[in-house]
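So the chains spell out like this:
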Amino acid sequence: MAAALTKKKKMGYAFGIFTESLIYNMFYTYYLTFLNEIVGIAPKYSSIVIFISIAWDAITDPIIGNYSDRGGVDKRKMMKMSLIPLGLIFIVAWTSIGAGFTSQTAKIILYTLISMCIWVFYTIYTIPYYAVVAELTEDYDERTNIRSTASLVNAGAVGLGNVLPALVPTVAIILTEKYASNSYAVIAAVISIMAVVLGFICVKSLEGVYTPKPVNPNEKKISVKETFKSFGSILSMRPARIFLVFVFFFLTASSMIQSNLTYMVVDCIGMDYDTGIVYVIITMVVSMGVIVPIVEKVAEKTDRRLACIIFLSLTMVGEVICKIIGLDATIGNFKIMTIVCAALLGMGAGTFWTLFYSMGYDLVELDEFKTGERHESTITALPQLIQKFGSAFGILMAGQLLSAYGYDSSKDVAGKESLITVVTDPKIVGGMENISTVIPAVFLAVSVVALLFYPMTRKNVNLLMSQLIKKRNGQEYSTEGLEKLL
């Protein structure tokens, strides 16, 4: 086991989350809007573009995860090799090269292929990034601490990933009307440069604290069959299946709200976009910054599962209350829901991203106890696969629901119409409000219920580790008390 991270190394590692989070948040918050309003793809098709691209990533996730687990593979090198291609393709994804096409089919094919490339390079970076923590420490609280440090940094990354695209109207003025539709590409270029630089800082921080696994001459060759066989082994564990249900339904709820932010601010809350989105993003970032240390302390005093149940339940109840009150509620002349809705989103996101990966790391030891082998990257890849499916499903639902409620921007002339056009039809506005409140609240409820059945509590994990250490040392061990895990 590698040496523990120093505070300096830990912070360097945390900077790596900028690479993942900047790209993730800009994509999930604005790409549906970009495809709808700039490229001119109908919402019911633009959401399918995103879903297909991430479904493709479901094929590459297990292969990349399995490869990363092999002896002699350096996770740092994998991360490093992905950075520049990821930055370049991300810029291409936000250009309006397909906006002039008259064919919806041509636009769909073009942006589906581009999106597929984003997720392949994103995965090559993120799976080693998250998996490496399971190799750095097995301590229950240390894993939580490393992830909470990264989550605090992530709050800033979430802010940048959402605020910078909100500057599109300002950049459009600078570029003049002729090039206004390429404002997103300018913002994407800035984000890509930051993501690449901070990714390299993260890779360097792992020097001296991470050592690749030694080569195993008896290791089987990588194949799709062997890869999915490894996944099958992990899915045979009941706690893993419950954990994946929790992940899927939380990300469905979160991405549904996130992809609908633009419409929520303008049409449901009724604020000017430039002002409203700033309130929303700043509040969300502050909320995450406040909730992360609180969640960490609750997890340290109790355990990660209970902390997650408490704060996600509060988020769920808050979403229902927002619907009851109405998103256009005011205090004086101020649209209060720009603060309340954003704070709830920040609470949910801060809780999930602080605890999600460290909860998953516990499955590495459970798998080792059952099989005698460690599969850090494969166990990281499987939740990532489900995470992306959940996120893609949330966006798919948002796009399909927008169409079902009657919203269609595909007839706009891309690059010449206002990016944000206020909707006045009460049916459409009510539907947009549902997409930001009660519908995701239902998915959050399912996620919380799954957690109630998740058996990887602090008590059970500590008991598992005590028996695993005995097994590693060739001593007699017992499975008594581990029935719920095994």
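Residues numbered from 1 in each chain as written. Predicted model: local features only at pLDDT ≥ 70, side-chain atom pairs only at ≥ 80, totals over all residues. Heavy atoms only, no water.

Asks: Where do I start with the overall build of the protein in this structure?
Replies: Of regular secondary structure, the protein possesses 17 helices and 2 strands. Within the protein, the fraction of its 486 residues that count as buried is 60%. Put simply, 85% of the contacts in the protein that link residues at least 6 apart link residues at least 24 apart. (Helix = DSSP H or I, 4+ residues; strand = E, 2+ residues; numbered from the N terminus. Buried < 20%, exposed > 50% of the residue type's maximum accessible area, 1.4 Å probe, protein only. Contact = heavy atoms within 4.5 Å.)

Asks: Just to check I follow, could you spell out the pattern of salt bridges for this structure?
Replies: Side chains that differ in sign of charge can pair as their charged atoms come close. As enumerated under the stated definition, the model contains 6 salt bridges in all. Across the salt bridge formed by Arg 304 and Asp 362, the nearest N and O atoms sit 2.7 Å from each other. In this pair, Arg 304 sits in helix α12 (residues 304–325) while Asp 362 sits in helix α13 (residues 337–371), placing the two residues 58 residues apart along the sequence. Of the charged contacts, one joins Glu 368 and Arg 472 as a salt bridge, the two residues approaching to 2.8 Å between their closest N and O atoms. With Glu 368 in helix α13 and Arg 472 in helix α17 (residues 458–472), this pair connects stretches of sequence that are 104 residues apart. (Salt bridge = Lys/Arg side-chain N within 4 Å of Asp/Glu carboxyl O.)

Asks: Teacher, can you tell me more about the packing of helix α15 (residues 426–436) against helix α16 (residues 438–452) here?
Replies: If you want to describe how two helices pack, look at the angle between their axes and the distance between the axes. Interaxial distance between α15 and α16 falls to 3 Å at its minimum, and their mutual angle equals 25 degrees. On the basis of their axis angle, the class for α15 and α16 is roughly parallel. Of the residues in α16, those in contact with Asn 434, Ile 435 and Ser 436 of α15 are Val 438, Ile 439 and Pro 440. Class assignment for the residues of the contact of α15 with α16 results in 4 nonpolar, 2 polar and no charged. (Axes fitted to C-alpha atoms, helices over the stretch in contact; angles between N-to-C directions. Parallel < 35°, antiparallel > 145°, perpendicular 65-115°, else oblique. Nonpolar A, V, L, I, M, F, W, Y, C, P; charged D, E, K, R; others polar.)

Asks: Which parts of the structure should I look at to understand the environment of Tyr 405?
Replies: In this structure, Tyr 405 sits in the loop between α14 (376–404) and α15. Considered as a pair, Tyr 405 and Val 429 are 24 residues apart in the sequence and their alpha carbons are 8.5 Å apart. Excluding residues within four positions of it along the chain, Tyr 405 makes contact with Lys 427, Ile 428, Gly 431, Asn 434 and Ile 439.

Asks: Hey, could you run me through the side chain of Ser 391 in this one?
Replies: Positionally, Ser 391 belongs in helix α14. A relative accessible area of 0% means that Ser 391 is categorised as buried. With near-sequence residues (within four places) excluded, Ser 391 lies in contact with Tyr 24, Tyr 28, Leu 251, Thr 252 and Ser 255.

Asks: Is there a simple way to explain the packing of α12 against α13 in this structure?
Replies: With their axes 9 Å apart at the nearest point, α12 and α13 run at an angle of 155 degrees to one another. Considering the angle they form, α12 stands roughly antiparallel to α13. In this structure, α12 meets α13 at a crossing whose hand is left-handed. Counting all contacts with α12, which are made through Arg 304, Arg 305, Ala 307, Cys 308, Phe 311, Leu 312, Leu 314, Thr 315, Gly 318, Glu 319, Cys 322 and Ile 325, the residues of α13 involved are Met 337, Val 340, Cys 341, Leu 344, Met 347, Gly 348, Thr 351, Leu 355, Ser 358, Met 359 and Asp 362. Residues belonging to the contact of α12 with α13 are distributed by class as follows: 14 nonpolar, 5 polar and 4 charged. (Left-handed = near helix turned anticlockwise from the far one by under 90°.)

Asks: Help me out: how do you make sense of the packing of aromatic side chains in this one?
Replies: Any two aromatic rings considered together are summarised by their centre-to-centre distance and by the angle between their planes. Applying the stated criterion across every chain yields a total of 31 aromatic pairs. Ring geometry for Tyr 30 and Tyr 184: centres 6.5 Å apart, planes at 50 degrees, overall tilted. Of this pair, Tyr 30 sits in helix α1 (residues 7–39) while Tyr 184 sits in helix α7 (residues 183–205), and the two are 154 residues apart along the sequence. Taken together, a centroid distance of 5.8 Å and an interplanar angle of 15 degrees make the contact between Phe 243 and Phe 356 stacked. Residue Phe 243 is located in helix α9 (residues 238–259), and its partner Phe 356 is located in helix α13; the two are separated by 113 residues in the primary sequence. Just as Phe 243 is buried, Phe 356 falls in that class too. Taken together, the aromatic side chains of Phe 27, Tyr 30, Tyr 31, Phe 34, Phe 90, Trp 94, Tyr 111, Trp 119, Tyr 122 and Tyr 184 make up a single cluster linked through ring pairs. (Phe/Tyr/Trp six-rings, centres within 6.5 Å; stacked < 30°, edge-to-face > 60°.)

Asks: I would appreciate a short explanation of a nonpolar patch on the surface in the present structure.
Replies: Where nonpolar side chains cluster on the molecular surface, the patch consists of Val 278, Ile 282, Val 286, Val 290 and Ile 294 and spans about 400 Å² of accessible area. With respect to the element layout, Val 278 can be found in helix α11 (residues 273–301). (Patch = residues over 30% accessible without salt bridge, like charges linked within 9 Å, V, L, I, M, F, W, Y side chains within 5 Å. Areas by Shrake-Rupley, 256 points an atom, 1.4 Å probe, with all protein chains shown as cover.)

Asks: Even after reading the chapter, I still don't get the nonpolar core, so can you show me in this structure?
Replies: Taken as a class, soluble globular proteins show a tendency for nonpolar side chains to be buried jointly. Trp 94 and Phe 246 are the most contacted members of the largest nonpolar core, which has 159 residues in total. The dominant element in this core, judged by the number of residues it contributes, is α13, at 18 residues. Not counting residues within four places of it along the chain, the set of residues in contact with Trp 94 comprises Met 26, Phe 27, Tyr 30, Tyr 31, Phe 34, Tyr 184, Ala 185 and Ala 188. (Core = buried A, V, L, I, M, F, W, Y, C linked by side-chain atoms within 4.5 Å.)

Asks: Explanation requested: the confidence of the model for the protein in the structure shown.
Replies: Detailed reading of the predicted coordinates is not advisable wherever pLDDT is low. Per-residue confidence for the protein gives a mean pLDDT of 83, with 90% of residues at or over 70. The secondary structure element of the protein with the lowest average pLDDT is helix α6 (residues 168–175), at 65, and the one with the highest is α16, at 96. Across residues 412–419, confidence stays below pLDDT 50; counting only partners more than four residues off in sequence or on other chains, it has 13 contacts. (pLDDT = per-residue confidence, 0-100.)

Asks: Looking at this model, I keep getting lost on α9. Mind explaining?
Replies: For an α-helix the count is 3.6 residues per turn, leaving residues at separations of three or four pointing the same way. Spanning 22 residues, α9 covers 32 Å between terminal C-alpha atoms, matching the ideal 32 Å at 1.5 Å per step. When you tally the buried positions in α9, you get 17 out of 22 residues, the bulk of the element. (Expected span 1.5 Å × (residues − 1).)

Asks: Explain the environment of Phe 246 to me, please; I cannot follow it from the model alone.
Replies: With respect to the helices and strands, the residue Phe 246 is situated in helix α9. Not counting chain neighbours up to four residues away, the residues in contact with Phe 246 comprise Cys 308, Leu 312, Phe 352, Met 359, Ser 447, Ala 450 and Leu 451.

Asks: Sorry, what's going on with a positive patch on the surface here?
Replies: Together, Arg 238, Arg 241, Lys 370, Lys 459 and Lys 484 give the surface a local cluster of positive charge. Here Lys 459 lies in helix α17. In this structure Lys 459 comes out as exposed when scored by relative accessible area, which is 70%. (Lys, Arg positive; Asp, Glu negative; His and termini not counted. Charge placed at Lys NZ, Arg CZ, Asp CG, Glu CD.)

Asks: It is not clear to me how the environment of Thr 252 should be interpreted in this structure. Could you clarify?
Replies: Tracing the backbone through its elements, the reader meets Thr 252 in helix α9. Separated by 137 residues in sequence, Thr 252 and Phe 389 place their C-alpha atoms 8.2 Å apart. Ignoring any residue separated from it by four or fewer positions in sequence, one finds Thr 252 in contact with Gly 390, Ser 391, Phe 393, Gly 394 and Phe 443.

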